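Overview (structure and organization)
Residue-level listing of the chains:
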Amino acid sequence: MRACTVGIIDYGIGNLASVVHTLRDMGFRVIVSNKAADLDVANILMLPGVGAFPVAMSILHERGLVDYLLQQADLGRPLIGICLGMQLLVNASYEHKYTSGLGLIPGDILPFANHGGHIGWNTLVVMDENSPCMESNGEDFYFNHSFFYQGPSKYQVAITQHLMPFASIIQRDNVVGLQFHPEKSQLAGKILLRNLIKSLVDA
Amino acid sequence: MLKKRLIGVVTVKDGWAVQSFGYHRYLPLGKPECLVENLDRWGADEILIQVIDRSKNRSGPDFHLIEKLGKLGLETPLIYAGGVSTLEDGVKIIQLGADRIVVDALLHDELVVVQKLSERLGAQALIGSLPLSYNSGAIGWFNYRSKTSKLISNELLVLIQSGIISELLISDWEHEGLPRGFEQKLVENFPVKEARLIIFGGISNSEQMSALLEYSGVVAVAIGNFLSYREHAIQMYKEALRALPVRLASYESTFSLIEVANAKN
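These notes cover the structure that comes with them. (Residues numbered from 1 in each chain as written. Chains lettered and ligands numbered in written order. Predicted model: local features only at pLDDT ≥ 70, side-chain atom pairs only at ≥ 80, totals over all residues. Heavy atoms only, no water.)

**Looking at the interface of chain A and chain B**
- Each side of the interface is counted separately: chain A has 37 residues, and chain B has 40 residues.
- Buried area between chain A and chain B, both sides added, is near 3100 Å², and the carbon and sulfur share of it is 47%.
- The largest per-residue losses of area from chain A upon contact with chain B belong to Ile-119, Trp-121 and Gln-186 of chain A, which jointly make up 23% of the total buried on that side.
- Here Lys-3 of chain B makes a salt bridge to Asp-140 of chain A, at a shortest N to O gap of 3.1 Å.
- At the junction of chain A and chain B, the tally comes to 20 residue pairs in polar contact (both at pLDDT 80 or more).
- Top contributing element to the side of chain A that touches chain B by residue count: strand β8 (residues 118-123) of chain A, with six residues.
- Within the side of chain A that touches chain B, the residues separate by chemical class into ten nonpolar, 21 polar and six charged. (Contact = heavy atoms within 4.5 Å. Buried area = accessible area lost by both parts, 1.4 Å probe. Salt bridge = Lys/Arg side-chain N within 4 Å of Asp/Glu carboxyl O. Polar contact = N/O pair within 3.5 Å; in protein donor to acceptor, adjacent residues only side chain to side chain. Helix = DSSP H or I, 4+ residues; strand = E, 2+ residues; numbered from the N terminus. Nonpolar A, V, L, I, M, F, W, Y, C, P; charged D, E, K, R; others polar.)

Rendered as structure tokens:
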């Protein structure tokens, strides 16, 4: 893979240090910024996040990043959302209150039944054998979330079982959402990130 | 299937990692970052760093330590405990490199702050710490600042049931550091049956871990001192627990993250 720069969207929420270290260890150049001018040089954008949906969307609006992300997705620039970052990619979430998301992937974010948060290591089942994530089929990844994606099956690249099957990877064109934390999933996370970034950048 | 977890615990007092025995006797182990790095390399499922003198001294979270750990680039989820008293504390801890935080004194003092932390960080980022003891058929909730025990308050039970906190760290503080010390009745008699429990205190061997992880409400066991007595202890425990839904032991990097971090600075 040719030299690749990952632009991490810094919107003041979540633990960016782990994502930055993981990507740098893998040989990627990394830019962390909330400014379009800085992020424009990146080959791929990444939207991490730890927190609650309404606060995160509010901060993205405040920092003028909503328009930027929509514009970049429209231009076909690859974008990967991680955990809360994945949830922000869809139409809306019901966390605390109904809040509109970026609407880049059709679907909504709903709570697990009975406060059944999904925390810990769980297995990925990749549905599409042509997916660049196929090498990660059957591997365990670290999840930490209380809400899940519900939307058309055609956008569900991988599923995981917790109380019911739910989407652990979603994708629409060059926009991909990972419900788990690859940067906290040790070797399995690095392999998945490498394959995914390579496929998106080389596409 | 969601796996049951083995959490490596590093206890910090006066800036040093220590072995703790009942939270009243301590033996030094070295620099916290060295122990955390080992747990990361050995494939712990999560790492809990608990700084036990921060709430008592009212000195707030140890941001310097969290930042130092964040710079290691850990590939294992990091949980921080110690001195969290405000929403701003919680947000800063996550930004500096932790993935989840533990609240303890706040459960006695200000449940409204716990609620705010949950609204900002998400319930999944919050763990409630309950130092407990079992005496005369009753569970006592220990306040380590006043050194007194009482029944778990109804207010806290309601909060646990509401899902504002994702998991509870149940510590058998009286038997902490003692081989096979954990009192299983704390699990059997815990008043909120649907609570997800992380068990800590006196957990020393795989048979005991296996018995505890068999309880449906127990999602993880946390191990402190007994990881310090031998290298790669997490991997050995995991090998011994293969019959349970536990993530397999992993064996990968052998280089020092601390050296890499120092080279970059």
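**Brief notes about the packing of aromatic side chains**
Residues and elements named next belong to chain A.
- By the definition in use, this model includes eight aromatic pairs over all chains.
- Note on Phe-112 and Phe-166: the rings are 5.5 Å apart at their centroids and 80 degrees apart in plane angle, and the pair reads as edge-to-face. With Phe-112 in the loop between β7 (105-111) and β8 and Phe-166 in strand β13 (residues 164-172), this residue pair connects regions lying 54 residues apart in the sequence.
- Taking relative accessible area as the criterion, Phe-112 reaches 4% and is therefore assigned buried.
- With a centroid separation of 5.6 Å and an interplanar angle of 65 degrees, the aromatic rings of Phe-143 and Phe-180 are classed as edge-to-face. (Phe/Tyr/Trp six-rings, centres within 6.5 Å; stacked < 30°, edge-to-face > 60°. Buried < 20%, exposed > 50% of the residue type's maximum accessible area, 1.4 Å probe, protein only.)

**What about the nonpolar core?**
- With 74 residues, the main nonpolar core has Leu-6, Val-114, Leu-130, Ile-170, Phe-190 and Ile-199 of chain B as its most contacted residues.
- Looking at which element gives the most residues to this core, the answer is helix α5 (residues 111-121) of chain B, with five residues.
- Ignoring anything within four residues of it in the chain, the contact list for Phe-190 of chain B reads Leu-130, Leu-132, Ile-139, Ile-152, Ile-160, Leu-168, Ile-170, Lys-185, Ala-195 and Leu-197 of chain B.
- One finds Val-19, Leu-23, Ile-44 and Phe-112 of chain A within the second-largest nonpolar core, a separate group that totals 35 residues. (Core = buried A, V, L, I, M, F, W, Y, C linked by side-chain atoms within 4.5 Å.)

**Overview of the sheet that holds strand β1 (residues 5-9) of chain A**
Residues and elements named next belong to chain A.
- Pairing is mixed across the open sheet formed by eight strands, whose spatial order is β2-β1-β3-β4-β14-β13-β12-β9. Because the sheet does not close on itself, it has two edges, and the strands there are β2 (29-33) and β9 (125-126).
- For strand β4 (residues 79-82) and strand β14 (residues 175-178), the ladder comprises four bridges, and the chain directions are parallel. Directly across from Gly-81, in β14, lies its bridge partner Gly-177.
- Lying on the sheet, helix α4 (residues 65-74) is in contact with β1, β3 (44-47), β4 and β14; it crosses β3 at an angle near 140 degrees. (Pairing = 2+ DSSP bridges. Axes fitted to C-alpha atoms, helices over the stretch in contact; angles between N-to-C directions.)

**Details of helix α1 (residues 16-25) of chain A**
All names here are of chain A.
- With seven of its ten residues buried, α1 lies for the most part within the structure.
- Burial in α1 covers these residues: Leu-16, Ser-18, Val-19, Val-20, His-21, Thr-22 and Leu-23.
- At the C-terminal side of α1, Gly-27 shows a positive phi close to 95 degrees.

**Brief notes about the pairing of strand β5 (residues 90-93) of chain A**
All names here are of chain A.
- Across three bridges, the pairing between β5 and β7 is parallel. Along β7, the bridge assignment pairs Val-90 with Ile-105.
- Taken together, the two bridges between β5 and strand β6 (residues 99-100) define a ladder with antiparallel strand orientation. Bridging from a neighbouring strand, Ala-92 pairs with Ser-100 of β6.
- Hairpin connection, β5 to β6: the antiparallel pair is bridged by five residues, and His-96 has positive phi, about 65 degrees.

**With respect to the environment of Leu-96 of chain B**
- Here Leu-96 of chain B is to be found in helix α3 (residues 87-96).
- Residue Leu-96 of chain B is classed as buried on the basis of its relative accessible area of 18%.

**Things to note about the environment of Ser-146 of chain A**
- Its place among the elements puts Ser-146 of chain A in the loop between β10 (140-145) and β11 (147-150).
- Separated by 51 residues in the primary sequence, Ser-146 of chain A and Glu-95 of chain A have C-alpha atoms spaced 8.9 Å apart.
- Once residues lying within four places of it in the same chain are set aside, the contact partners of Ser-146 of chain A are Pro-111, Phe-112 and Gly-117 of chain A together with Ala-123 and Gln-124 of chain B.
- In terms of polar contacts, Ser-146 of chain A uses its side chain to reach the side chain of Gln-124 of chain B, at 2.9 Å.

**As for the sheet that holds β6 of chain A**
- A sheet is described by the order of its strands in space; here four strands give the open sequence β6-β5-β7-β11 (chain A), paired in mixed fashion. At either end of the open sheet lies a strand with only one pairing partner, and these are β6 and β11 of chain A.

**Thoughts on the side chain of Gln-50 of chain B**
- With respect to the element layout, Gln-50 of chain B can be found in strand β4 (residues 46-51).
- The residues touching Gln-50 of chain B, leaving out its near neighbours within four places in the chain, are Val-9, Val-10, Thr-11, Val-12, Tyr-23, Ala-81 and Phe-200 of chain B.

**Topic: the pattern of salt bridges**
Residue and element names in this part refer to chain B.
- A complete count under the given rule lists 16 salt bridges over all chains for this structure.
- One salt bridge in this structure joins Glu-33 and Lys-68, with 3.6 Å as the shortest N-O distance. Of the two residues, Glu-33 is situated in helix α1 (residues 32-41) and Lys-68 in helix α2 (residues 63-70); the sequence distance between them amounts to 35 residues.
- As a salt-bridge pair, Arg-100 and Glu-167 come within 3.2 Å of each other at their nearest N and O atoms. Taken as a pair, Arg-100 in strand β6 (residues 100-103) and Glu-167 in strand β10 (residues 167-172) lie far apart in primary sequence, 67 residues in all.
- You can call Arg-100 buried: its relative accessible area is 0%.
- A single network of salt bridges, built from pairs that share partners, joins Arg-5, Glu-46, Arg-100 and Glu-167.

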